Amino acid sequence: MTRSVEEIGRGLEPTRPARAIVPGERIHVIGAAGSAAAASLLLGQAAGARTSGCDSGEPSAYSQGVEAAGIPIAWQHDAGHVVGEGGHPLVDRIAVSKALTSVNPDHPELLAAHAAGIPATSCQQLIADAAATFGGTLLAIAGTHGKSTTTGWLVHLLAEAGEDPSAFVGALLPAALVGGTGPSVVRLGHGRPFVVEADEYAGNFDPYRPTIGVLLNADWDHPDVFPDRAAVIDAFEAWIRRFGPNATLVANAGDSGVAALLPRLADWPGQILATAVATAGVDAAALADELRRTIRSAAGQATALTADYEDDSTSSAGLSRLTLHGLPGHHLESIVELSLIGRHNADDALGAAGAALAYGLTPAAIRGSLASFRGVARRFELKGDLAGVVVIDDYGHHPTAIAATLEAVTLRYPGRRRWAVYEPLTFHRTAALLEQFADVLATADRVAIADIFAVRDPDQTIVSAPDLARAVERRGTPAIAPGSVEATADALLPLVEPGDVVLVMGGGRSTVIAERLVAGLRARSR
């Protein structure tokens, strides 16, 4: 059953254009352990606000940077965080994750804030307000898949070019890129670019009105909000039409969902830069000419940036190779070696390169920095290679993303037995896409399904991990459903063998499986 944006965000103020944060404004963020919430705390503080947070769960990798910045987080919910005796307001604004409002709109802190007349916004609205306070140029990366990698890649390109960007990314960036002592979802710079990951769930990206926007793909996801892919495409179109003046859209025309959207933008006033990775048998230079000829907006014909992609897992210089076509001033091809493997990463590279071009980076700067990017946390992240067993941690939690990541495992580790270990994220997604999940997971050699991680799930009885495991087994692939993430790691330890590659995926606590399995392998190999 789908719900409206208004139902999901009940109790929050309607989205509005961003406005600067008042110096000293007191802002309390509820759900502080999440990536966007943690980012809103850090960016709000940097913009001059006095921020605090709370969460009923445990500290997370995201919240560590918040507490390291001196921002207090209370690890329980209490109306006393926002109002004092007699209901007197203690803060000027609260910001809340829609993961909370979607299941608990009558949260005590929300109710206390409403009673006291304290405005309540989404965490994304607070991030947008921080960006408005910083000023400069807003760049936003959207799409069903690949947002975090592409956002991190663009931040890397801008930083390497000396632009010193600020940013919010939904995955941890390495300390060397954020310029701090540890990884973070936020980079605080002093340059003009401000880069944000723009999530389509329930209008999360609506506060962002970028000058440069990237649309990587448009696939059906979030079935609690979108009844089908057409609704996802409609949401992306509505967002694009709210871009700032003189905007540029970098659009992956090689994705079928984006390709379906582009003809609808013929009357849109902004510029379109179309990207695409050529498929087998298609010449990338000819593809660029076709995109320029067939895609247009009210501002005129699109420009184009395309590439031929070649897997090169044996190369000492990189894991894959892009041959770019369409870089300004380069009439011939430009070859770039990438450290990230897989066609999905080639799409992400073109998205980041297109946004960097639109911002004004030189082709030479883009080529060099595309090659040196090493990725973000939990995106095909090697956690260990012990006793002949490789363990990889990945955020994939959609059939399309899982299929792409399994393909990358085959390219990177050819001929080895592949374990697909998956902690499903949300009951409603798992139920709606059960057969698609089973189809892609069954392409592995062995499968393990951990208990489903509940987020925004009013009904947790509609599907189970054993249901998915049985669906995989009906396709001929052995599958187990041991229980919790801890139980899943423990069940895997005696089953994995030298030569195995264990790909752990999920958006909840699945990283515990990878870490616990690596610890067990280490102990076993002593």
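Shown above is the structure to which this text applies.
Residues numbered from 1 in each chain as written. Predicted model: local features only at pLDDT ≥ 70, side-chain atom pairs only at ≥ 80, totals over all residues. Heavy atoms only, no water.

A. Geometry of the sheet that holds strand S10 (residues 212–215). Across the sheet, which stays open at both edges, the 10 strands sit in the order S8-S7-S9-S6-S10-S11-S12-S15-S16-S17 with mixed pairing between neighbours. Since the sheet does not close on itself, it has two edges, and those belong to strand S8 (184–187) and strand S17 (334–338), each with one partner. When strand polarity is set aside, the average angle formed by the axes of neighbouring strands in this sheet is 20 degrees. In terms of strand pairing, strand S6 (residues 137–142) meets strand S9 (residues 193–197) through five bridges, oriented parallel. (Pairing = 2+ DSSP bridges. Helix = DSSP H or I, 4+ residues; strand = E, 2+ residues; numbered from the N terminus. Axes fitted to C-alpha atoms, helices over the stretch in contact; angles between N-to-C directions.)

B. Quick look at the sheet that holds strand S4 (residues 93–96). Read from one edge to the other, the open sheet built from five strands follows the order S3-S2-S1-S4-S5, with strand pairing classed as parallel. Taken across any chain shown, the strands that pair with only one partner, and hence form the sheet edges, are strand S3 (73–74) and strand S5 (120–122). When strand S2 (residues 50–54) meets S3, the two strands line up parallel, connected through two bridges. Residue pairing for S3: Cys-54 is matched across the bridge by Ala-74. Sheet strands in contact with helix H5 (residues 108–115) are strand S1 (26–30), S2, S4 and S5, and its direction is about 150 degrees off that of S4. Against the sheet, helix H6 (residues 123–134) contacts S1, S4 and S5, and its axis sits at roughly 85 degrees relative to S5. (Contact = heavy atoms within 4.5 Å.)

C. Highlighting the packing of helix H16 (residues 434–441) against helix H17 (residues 465–473). Where H16 contacts H17, the axes come no closer than 8 Å and their chain directions differ by 55 degrees. In terms of axis orientation, H16 runs oblique to H17. Considering only the axes of H16 and H17, their crossing is right-handed. Between H16 and H17, the residues in contact are Leu-434, Phe-437, Ala-438 and Leu-441 and Asp-467, Leu-468, Ala-471 and Val-472, respectively. A per-class count over the contact of H16 with H17 returns seven nonpolar, no polar and one charged. (Parallel < 35°, antiparallel > 145°, perpendicular 65-115°, else oblique. Left-handed = near helix turned anticlockwise from the far one by under 90°. Nonpolar A, V, L, I, M, F, W, Y, C, P; charged D, E, K, R; others polar.)

D. Region of interest: the packing of aromatic side chains. Per the stated rule, a full pass over the model turns up seven aromatic pairs. Measuring from ring centre to ring centre gives 6.0 Å for Phe-243 and Trp-268, while their planes differ by 80 degrees; the resulting arrangement is edge-to-face. With a gap of 25 residues between them, Phe-243 in the loop between helix H9 (229–240) and strand S11 (248–252) and Trp-268 in the loop between helix H10 (256–261) and strand S12 (271–277) connect regions that are remote in the sequence. Take Phe-243: its relative accessible area is 9%, and that puts it in the buried class. Among the aromatic residues, those joined into a ring-pair cluster are Phe-205, Phe-236, Trp-239, Phe-243 and Trp-268. The side chain of Arg-412 reaches across the aromatic face of Tyr-413, ending 5.0 Å from its centre. Looking at Arg-456, its charged tip hangs above the ring of Tyr-201, at a distance of 3.8 Å from the centre. (Phe/Tyr/Trp six-rings, centres within 6.5 Å; stacked < 30°, edge-to-face > 60°. Buried < 20%, exposed > 50% of the residue type's maximum accessible area, 1.4 Å probe, protein only. Lys NZ or Arg CZ within 6 Å of the ring centre and 35° of its normal.)

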